[in-house]
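Commentary on secondary and tertiary structure
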Amino acid sequence: MKAVITDLDRTLLHTDKSVSDYTVNILKKCREKGILVIVASARPQRDMKKCVGEIEFDAMVVSNGARIIYGKDIIEADIPTHTARNVLSALKRHPDLKITLETGDEAYANAVFDSYESIYCEDLISIAEKETVLKLIVGIEDEKTVDIVKALLSDELYYSVAHSHLMQIMNRSATKWNGIKQVLARFGISTDEAIYFGDDNDDIESIKGCGLGVAVSNAIPAVLDAADRIADTNDNDGVARFIEENLL
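Strands sit in the order β8-β7-β6-β9-β11-β10 across an open sheet of 6 strands; the sheet is mixed. Each having just a single partner strand, β8 (119-120) and β10 (157-162) make up the two edges of the open sheet. In the sheet, strand β7 (residues 107-109) pairs with β8 via 2 bridges, with the strands oriented parallel. From the neighbouring strand, Tyr108 faces β8, where its bridge partner is Ile119. Packing against the sheet, helix α6 (residues 143-152) makes contact with β9 (135-139), β10 and β11 (166-171), and its axis sits at approximately 5° to β11.

Have a look at this one:
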């Protein structure tokens, strides 16, 4: 394998969002052996440093593929302004919905979240009209929320569910898998020469598409079913242990 690609939450990171020295060391050894280390996460770019600490990545696919970073180069697949405005206008008719707008550099929300850093803003439409919108996130209150969001999606948008309670609305081209393919092509590596680690719905396409798809054992059932191999849990450093035992 020429590239190791990993999700973060519930995969590389422990449940408390920490990363062990052991994992940092294993990924460092990969890079020393010439194996690329790439992150593919729903998290925005601004979260990377505080989440992964000393880990150095050769490239980053963040915000579910809405932003790709190679060194100083950044490629974005954003939601067009008029589309974001239309979706937000329709969502505004349901005042109980908790909505977050991700620009990649900041997050703006119409509610206060204890576990998520965001800037409180009642008028998200005004943000959408002056900032690049990478993602809209809607908290799932009940099945009705899902129906509301589905009805708003145009051909240029899709949604994925994260952590079972968040609907992430994005540009249809903004997926982890599309971002990963761009990154690998840039480095001249085929998808068959890459290994992918994940745990959630938005990892399934990459697990199936890469040469070797590995689910951590705490992954959701659909990911476990899609994977070629199963690693130990995230809290037991499953990604790093699998790499040490099978690649290094």
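Position of Arg67 among the secondary structure elements: in strand β4 (residues 67-70). Under the relative-accessibility criterion, Arg67 is labelled buried at 5%. Side-chain polar atoms of Arg67 contact the side chain of Glu76, separated by 2.5 Å. At 3.3 Å, the side chain of Arg67 forms a polar contact with the side chain of Asp105. If we ignore the near neighbours within four places in the chain, the residues touching Arg67 are Gln45, Met60, Val61, Val62, Ile74, Ile75, Glu76, Thr103, Gly104, Asp105 and Leu134.

Here we come to helix α4 (residues 81-91). Turning to α4, its buried residues are Thr83, Ala84, Val87, Leu88, Ala90 and Leu91. For α4, the angular spread of buried residues about the axis comes to 160°, placing them on one side. Contacts from the buried residues of α4 go to β6 (99-102), α5 (124-128), β9, α6, β10 and β11.

Thresholds, definitions, all that
- Residues numbered from 1 in each chain as written.
- Predicted model: local features only at pLDDT ≥ 70, side-chain atom pairs only at ≥ 80, totals over all residues.
- Heavy atoms only, no water.
- Pairing = 2+ DSSP bridges.
- Helix = DSSP H or I, 4+ residues; strand = E, 2+ residues; numbered from the N terminus.
- Contact = heavy atoms within 4.5 Å.
- Axes fitted to C-alpha atoms, helices over the stretch in contact; angles between N-to-C directions.
- Buried < 20%, exposed > 50% of the residue type's maximum accessible area, 1.4 Å probe, protein only.
- Polar contact = N/O pair within 3.5 Å; in protein donor to acceptor, adjacent residues only side chain to side chain.
- Arc of directions from axis to C-beta.

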